[in-house]
Amino acid sequence: MKILISSCLLGEDVRYDGNNSSIAFTPSFTFSIKELFMDILCENEIYSFCPEVAGGLPIPRTPSEIVKNDKPFIIKNEKGDDVTINFLLGAKKALDICIEENIKVALLKSKSPSCGNKQIYDGTFTSKLIEGQGLTARLLEENGVKVFNENEIKDLDKFIKTNK
Ligand code: SF4
C-alpha cells in the first residue's frame, strides 16, 4: 500500500527547530511499536512529505499556530507574521501527491498545525491543546485520505491489513 508519512517521523530534520520526531529514535515508543513501524516501512510504498517545507517555509523557522481554524483559515508564527499561504500551499501539494499517486492513507505527526489529526495548539502560543486538525490533515481527510498519527501505529497497521 502507498502511505504518505510526515518527513519528521521518518527522521528527517524538517521541524521548525531543525530537528526531527523520528519514531525509531524516540525513547517513549516501545520496542514492539518501533518494530511494527519498521515492518510497515519495509512492506509498503512510503512517500515522505513535509507540508511546511513544501509550502516554502525554511528550516529552522519560527513556530506557527492556527489562530482561526475555519475558513478563511489564519495561521501566524510566533512573531505575528501571517504564514497562511505557506500552510495552504503545503496542504494542497500533499493532496496533489495523494491524488496523483492514488494514496489513500497517511501517517502524520500529531499536534502540528499542518499534520495534527486530532489536536492542535490553540493559537495563543501558550502550549494549550484543543481538539482540531492541522490544515494538511484536514484537507486530506476531507478528500478521502485516512489519517493516523504516530500514536496510532497499531490502527494504521490494522487499516493496511484490512484494505490490502
Ligand atoms: Fe513534521 Fe508535518 Fe511539521 Fe513537517 S509540517 S515538520 S512533516 S509535523
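Residues numbered from 1 in each chain as written. Predicted model: local features only at pLDDT ≥ 70, side-chain atom pairs only at ≥ 80, totals over all residues. Heavy atoms only, no water.

- By the naming in an unreviewed UniProt entry, the chain is DUF523 domain-containing protein, taken from Arcobacter aquimarinus.

Quick notes on the pairing of strand S1 (residues 2–6)
- Most of S1 is tucked away, with four of its five residues classed as buried.
- Of the pairings in the sheet, the one linking S1 to strand S2 (residues 45–49) comprises five bridges and is parallel in character. Across the sheet, residue Ile-3 finds its bridge partner in S2, namely Ile-46.
- Bridging between S1 and strand S5 (residues 105–107) involves three bridges; their strand directions are parallel. Looking at S5, one finds that Ile-3 is bridged to Val-105. (Buried < 20%, exposed > 50% of the residue type's maximum accessible area, 1.4 Å probe, protein only. Helix = DSSP H or I, 4+ residues; strand = E, 2+ residues; numbered from the N terminus. Pairing = 2+ DSSP bridges.)

A word on the nonpolar core
- Ile-23, Ile-40, Leu-107, Ile-153 and Leu-156 are the most contacted members of the largest nonpolar core, which has 19 residues in total.
- Core analysis: the next-biggest nonpolar cluster, separate from the first, contains 15 residues, Tyr-47, Ile-103, Cys-115 and Val-145 among them. (Core = buried A, V, L, I, M, F, W, Y, C linked by side-chain atoms within 4.5 Å.)

Let's talk about the site of the ligand
- In the region of the ligand, 14 residues are neighbours, and Cys-8, Cys-50, Glu-52, Lys-109 and Cys-115 sit closest.
- Mapping the ligand onto the cavity grids shows that it belongs to the largest pocket.
- Classifying every residue of the shell around the ligand gives six nonpolar, four polar and four charged. (Near = heavy atom within 4 Å. 1 Å grid on protein atoms, 1.4 Å probe; cavity = no way out; pocket = protein on both sides within 12 Å on 5 of 7 lines; lining within 4 Å. Sits in = over half its atoms within 2 Å of the grid points. Nonpolar A, V, L, I, M, F, W, Y, C, P; charged D, E, K, R; others polar.)

Considerations on the layout of surface pockets
- Considered as a void within the structure, the largest pocket measures approximately 590 Å³ in volume.
- Along its surface, the largest pocket is lined by 27 residues, and Tyr-16, Lys-111, Ser-112, Pro-113 and Tyr-121 are the ones closest to its centre.
- Where the lining of the largest pocket is concerned, the elements lending two or more residues are helix H2 (51–54) and strand S3 (64–68).
- When its residues are assigned to classes, the lining of the largest pocket shows twelve nonpolar, eight polar and seven charged. (Points joined across faces, edges and corners; volume = space filled by probe spheres on them.)

Here we look at the environment of Pro-58
- With respect to the helices and strands, Pro-58 occurs in the loop between H2 and S3.
- Counting along the chain gives 100 residues from Pro-58 to Lys-158, while the straight-line C-alpha distance between them is 35 Å.

Concerning unusual backbone geometry
- For the bond running from Ile-59 to Pro-60, omega is -10 degrees, close enough to zero to count as cis.
- Tracing the backbone shows Pro-60 in the loop between H2 and S3.
- Look at the link from Lys-71 to Pro-72: it is a cis peptide, with omega at -5 degrees.
- Following the sequence through the fold, Pro-72 ends up in the loop between S3 and strand S4 (74–77).
- Positive phi, normally seen in glycine, also occurs at Lys-111, with a value near 70 degrees.
- Overall, Lys-111 belongs to the partly exposed group, its relative accessible area being 33%.
- A positive phi angle is found at Phe-125, which is not glycine, with a value near 55 degrees.
- Topologically, Phe-125 is positioned in the loop between strand S6 (119–121) and strand S7 (129–131).

Things to note about the sheet that holds S2
- With parallel pairing, the four strands of this open sheet are ordered in space as S2-S1-S5-S8. Only two strands of the sheet have a single partner each, and these edge strands are S2 and strand S8 (146–148). Between one strand and the next, the sheet's axes are offset by a mean angle of 25 degrees, whatever the strand orientation.
- Along the sheet, helix H3 (residues 84–101) contacts S1 and S2; its crossing angle with S2, the most-contacted strand, is approximately 165 degrees. (Axes fitted to C-alpha atoms, helices over the stretch in contact; angles between N-to-C directions. Contact = heavy atoms within 4.5 Å.)

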